[in-house]
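A closer look at the structure
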Amino acid sequence: MPRFHCPVPLAAGVELELPAAAARHVQVLRLQPGGVITLFNGDGGEYSATILRMGRSDVAVRVDSHQTRECEPSRRVHLAVGMPANDRMDWLVEKATELGLASVQPLHTAHSVLRLSGERATKKQAHWQAVVTAACEQCGGNRVPSVQPVADLAAWLKTSALADTAAPVLRCVLSLSEGAQPLAAVLASQPAHTPVLFLSGPEGGLSPSEDAAARAAGFAPVTLGPRVLRAETAALAALVLAAQ
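The present account deals with the structure reproduced in this document. (Residues numbered from 1 in each chain as written. Predicted model: local features only at pLDDT ≥ 70, side-chain atom pairs only at ≥ 80, totals over all residues. Heavy atoms only, no water.)

Let's shift gears to a nonpolar patch on the surface. The grouping of Leu-224, Leu-229 and Leu-241 at the surface amounts to a nonpolar patch, some 200 Å² of accessible area in total. Counting through the fold element by element, Leu-229 comes out in the loop between β13 (220–223) and α7 (231–242). (Patch = residues over 30% accessible without salt bridge, like charges linked within 9 Å, V, L, I, M, F, W, Y side chains within 5 Å. Areas by Shrake-Rupley, 256 points an atom, 1.4 Å probe, with all protein chains shown as cover. Salt bridge = Lys/Arg side-chain N within 4 Å of Asp/Glu carboxyl O. Helix = DSSP H or I, 4+ residues; strand = E, 2+ residues; numbered from the N terminus.)

And the structure:
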């Protein structure tokens, strides 16, 4: 059944016009009145809905029922990543969303090739938010990850920017430096539901000074093994281990 993100209040029996992005998607799929679709707004679960009317640019639906379906990982996993170049960031946030990512923080680091500021940074943030939304529609996730504004690593470390700090958070930096502990062992030492925040570098990794700054800010250095992984591979491998 086609799934659409509908970021408005939803309740059984309500009739409404779909937001523009969802309406365009319905139009592209050439769905028809009487067709049944699935809607989710990020508040939990999902709703079945029936298409009532198809206009040239608008789609009206009736919300039929709510299902308390969730398929999120047992722990919330947040990713702060030195942005890889070209379209690899798009690929990374898409696949991380499929694996159960809770939020992503794009970062400028010493080895970053991609540099964004001003309007260009704002547009990229909106673009990546659209990427994770589409990934949720595809994979069945009902909680849309948040994409934070692009930030410089040094400034971000000073604030340890994470929206929810009410509960303890395991902070890990993916590191090739001596003394890094196996990620699997570090995760096993924590309660299963402890949220985790990964800091991962771009192509070339974090610089030695950035790695040291992350440790000083409370990030535990962890390793994924003896092989040197691509920036996007390392982040996804960490996410897989944490989201089990």
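Between helix α2 (residues 88–99) and helix α3 (residues 118–139), the shortest axis-to-axis distance is 8 Å and the interhelical angle comes to 35 degrees. With respect to the hand of their crossing, α2 and α3 are arranged in right-handed fashion. Across the interface between the two elements, Met-89, Asp-90, Val-93, Glu-94, Thr-97 and Glu-98 of α2 pack against His-127, Trp-128, Val-131, Val-132, Ala-135, Cys-136, Gln-138 and Cys-139 of α3. Residues belonging to the contact of α2 with α3 are distributed by class as follows: eight nonpolar, three polar and three charged. (Axes fitted to C-alpha atoms, helices over the stretch in contact; angles between N-to-C directions. Left-handed = near helix turned anticlockwise from the far one by under 90°. Contact = heavy atoms within 4.5 Å. Nonpolar A, V, L, I, M, F, W, Y, C, P; charged D, E, K, R; others polar.)

Applying the stated criterion across every chain yields a total of twelve salt bridges. Arg-215 serves as the salt-bridge partner of Asp-211, at 2.8 Å between the closest nitrogen and oxygen. Of this pair, Asp-211 and Arg-215 are both found in helix α6 (residues 208–216), four residues apart, which corresponds to roughly one turn of the helix. A relative accessible area of 29% places Arg-215 in the partly exposed class. Through salt bridges that share partners, Arg-3, Glu-46 and Arg-69 make up one connected network. (Buried < 20%, exposed > 50% of the residue type's maximum accessible area, 1.4 Å probe, protein only.)

With that settled, consider the pairing of strand β5 (residues 59–67). The sheet contact formed by strand β2 (residues 15–17) and β5 spans three bridges and is antiparallel. Pairing of Glu-15 across the sheet is with Arg-62, part of β5. Here strand β4 (residues 46–54) runs beside β5; their pairing, made up of eight bridges, is antiparallel. Across the sheet, Glu-46 pairs through a bridge with Gln-67, a residue of β5. (Pairing = 2+ DSSP bridges.)

Turning next to the packing of α2 against α7. Packing of α2 against α7 brings their axes to within 10 Å, and their N-to-C directions diverge by 10 degrees. Here α2 is positioned roughly parallel relative to α7, judged by the angle of their axes. Each of Arg-88, Trp-91, Leu-92, Lys-95, Ala-96 and Leu-99 in α2 lies in contact with α7, whose residues at this interface are Glu-232, Ala-235, Leu-236, Leu-239 and Val-240. (Parallel < 35°, antiparallel > 145°, perpendicular 65-115°, else oblique.)

Once that is clear, we can look at the environment of Leu-114. Within the secondary structure layout, Leu-114 lies in the loop between β7 (101–108) and α3. For Leu-114, a relative accessible area of 13% puts it in the buried group. Along the backbone, Leu-114 and Val-147 are 33 residues apart, and their C-alpha atoms lie at a distance of 17 Å. Setting aside chain neighbours within four positions, we find Leu-114 in contact with Met-83, Pro-84, His-108, Arg-120 and Trp-128.

Looking at chain direction, strand β3 (residues 36–40) and β4 are connected through four bridges and run antiparallel. Each residue of the ladder has a partner; that of Val-36, found in β4, is Thr-50. Between β3 and β4, which follow one another and run antiparallel, lie five residues, and Gly-42 among them has a positive phi close to 90 degrees. In textbook terms, the turn of a hairpin is the stretch between consecutive antiparallel strands, and for β4 and β5 this stretch comprises four residues.

Turning next to helix α1 (residues 20–28). Along α1, the positions that sit buried rather than exposed are Ala-22, Ala-23 and Val-26. Seen along its axis, α1 keeps its buried residues to an arc of 100 degrees; they face one direction. Along α1, the residues that are exposed and aim more than 90 degrees away from the buried face are Ala-21, Arg-24 and Val-28. On its buried side, α1 packs onto β1 (3–5), β4 and β5. Two residues or fewer after α1 comes Arg-30, characterised by a positive phi angle close to 60 degrees. (Arc of directions from axis to C-beta.)

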